[in-house]
Amino acid sequence: MNSKNLLLIFTRNPELGKCKTRLAAAVGDQAALDIYNFLLNHTVQITKNLTTDKIVYYSEEIWKNDIWDINTFDKKLQKGLDLGERMSNAFKNGFEKGYQKIIIIGSDMYDLSQEDIENAFLKLSDNDYVIGPAEDGGYYLLGMTKWNKNLFKNKEWGTQTVLNDTLNTLKNEKKQLLETKNDVDYYEDIKDINVFQQFLKK
């Protein structure tokens with residue numbers, strides 16, 4: 001363990017027809033895969049220079065030779081029946097290893113920067129929890145200084161109630177909300193952003 005801070009990156013294995021399915025419904029499987037690979041590369045760029053320990057959690061299987069350099073990122077497999085259980089297990093594992101601040105992000109945030117993540121770790125110096133609200137009613141970042149399994153129970157993952165339900169769980173806790181950002185799930189999320197036009201040209 002090189003630091004007291006840990007960044008968890010949850011990712012889906014980028015396979016044709018298996019990622020960004022809601023986006024693929026509008027743009028097709030190949031464009032959806034290309035966009036997801038583009039987002040994965042962006043996530044590598046904004047996390048590789050962070051001075052925290054970093055673990056990439058794969059959805060299906062661990063890929064040894066991919067964009068996540070093993071000298072920078074540890075690699076593990078997500079474990080659990082749903083997203084909540086998978087995230088809960090990842091946090092629990094990190095705290096059991098002695099980390100004091102742990103943050104989780106996904107890998108589909110074009111709107112996220114290295115500075116945003118560094119700022120979130122700083123906020124955990126004065127708060128027990130930090131949350132980055134997503135425009136769709138979920139969150140793009142969650143950080144904490146102690147494992148709280150209740151955060152991951154009784155939530156309708158992938159729906160617009162996740163953020164409110166999470167905040168209800170934390171109503172008596174010391175927390176900090178970050179700037180609201182947009183993750184990429186639907187065609188509407190990217191259709192007006194220049195950098196994505198290369199994938200949408202027919």
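Whatever comes next refers back to the structure up there.
Just so it is clear, the structure is predicted and the values come from calculations on it, not from any experiment.

A. Structural view of the overall build of the protein. The secondary structure content of the protein amounts to six helices and seven strands. Secondary structure of the protein in N-to-C order comes out as β-α-α-β-β-α-β-α-β-β-α-β-α. For 202 residues, the compact-globule formula gives about 17 Å, and the C-alpha radius of gyration of the protein, at 16 Å, lands near that figure. When the backbone C-alpha atoms are referred to their principal axes, the protein occupies close to 50 × 35 × 30 Å. Residues counted as buried form 48% of the 202 residues belonging to the protein. In the protein, of all internal contacts separated by at least 6 residues, the share reaching a separation of at least 24 is 65%.

B. Representation of the sheet that holds strand 1 (residues 5–11) within the structure. The strand order across the open sheet formed by seven strands is 3-2-1-4-6-5-7, and the pairing between neighbours is mixed. The strands lining the two open edges of the sheet, one partner per strand, are strand 3 (74–77) and strand 7 (175–177). With direction set aside, neighbouring strand axes in the sheet form an average angle of 20°. Relative to strand 2 (residues 53–58), strand 1 runs parallel, the two sharing six bridges. Following the sheet pairing, I9 is matched in strand 2 by V56. Docked against the sheet, helix 2 (residues 29–47) engages strand 1, strand 2 and strand 4 (101–105), running at close to 175° with respect to strand 1. Sheet contacts for helix 5 (residues 162–169): strand 5 (129–133), strand 6 (139–144) and strand 7; angle to strand 5, the most-contacted strand, approximately 165°.

C. Molecular detail of the environment of M109. If you trace the backbone, M109 turns up in the loop between strand 4 and helix 4 (114–123). Accessibility expressed as a relative area gives 2% for M109, which makes it buried. Once the C-alpha coordinates of M109 and N182 are considered, the two residues, 73 residues apart in sequence, prove to be 7.2 Å apart. Beyond its immediate sequence surroundings of up to four residues, M109 is in contact with L39, H42, Y140, K181, N182 and D183.

D. How the structure looks around helix 3 (residues 83–96). End to end, helix 3 covers 20 Å across 14 residues, agreeing with the expected 20 Å (1.5 Å per residue, within 8%). The complete set of buried residues in helix 3 reads G84, M87, S88, A90, F91, G94 and F95. Along the axis of helix 3, the buried positions cluster into a sector of 160°, meaning they face one direction only. Of the surrounding secondary structure, the elements contacted by the buried residues of helix 3 are strand 1, strand 2, strand 4 and strand 6. Two or three places before G84, at the start of helix 3, stands the capping residue D82, its side-chain oxygen 3.2 Å from that residue's backbone nitrogen.

E. Representation of the packing of aromatic side chains in the model. All told, the structure shown has seven aromatic pairs when counted by the stated rule. Among the aromatic residues, ring-to-ring pairing joins F38, Y110, F196 and F199 into one connected group.

F. Representation of unusual backbone geometry within the structure. A positive phi angle, near 55°, is found at K20, a position not held by glycine. Residue placement: K20 occurs in the loop between strand 1 and helix 1 (21–27). Relative accessible area serves as the criterion here: at 14%, K20 is assigned to the buried category.

G. Molecular detail of the environment of Q160. Locating Q160 in the fold gives a position in the loop between strand 6 and helix 5. Q160 sits 28 residues away from G132 along the chain, and the two C-alpha atoms are 14 Å apart. Residues in contact with Q160, not counting those within four places in the same chain, are D136 and G137.

H. Fine view of the pattern of salt bridges. All chains considered together, the criterion is met by ten salt bridges. Note that D116 is salt-bridged to K181, the shortest N-O span being 3.4 Å. Taken as a pair, D116 in helix 4 and K181 in the loop between strand 7 and helix 6 (197–200) lie far apart in primary sequence, 65 residues in all. The salt bridge involving D128 is made with K146; its shortest N-O contact spans 3.8 Å. Placement of the pair is D128 in the loop between helix 4 and strand 5 and K146 in the loop between strand 6 and helix 5, with a sequence separation of 18 residues. By relative accessible area, which is 25% here, D128 ends up partly exposed. The class for K146 is partly exposed, based on a relative accessible area of 37%. Taken together, the salt bridges that share partners define one network made up of K20, R22, D108 and D185.

Rules used throughout
- Residues numbered from 1 in each chain as written.
- Predicted model: local features only at pLDDT ≥ 70, side-chain atom pairs only at ≥ 80, totals over all residues.
- Heavy atoms only, no water.
- Helix = DSSP H or I, 4+ residues; strand = E, 2+ residues; numbered from the N terminus.
- Rg over C-alpha atoms; globule rule 2.2 N^0.38 Å.
- Buried < 20%, exposed > 50% of the residue type's maximum accessible area, 1.4 Å probe, protein only.
- Contact = heavy atoms within 4.5 Å.
- Pairing = 2+ DSSP bridges.
- Axes fitted to C-alpha atoms, helices over the stretch in contact; angles between N-to-C directions.
- Expected span 1.5 Å × (residues − 1).
- Arc of directions from axis to C-beta.
- Polar contact = N/O pair within 3.5 Å; in protein donor to acceptor, adjacent residues only side chain to side chain.
- Phe/Tyr/Trp six-rings, centres within 6.5 Å; stacked < 30°, edge-to-face > 60°.
- Salt bridge = Lys/Arg side-chain N within 4 Å of Asp/Glu carboxyl O.

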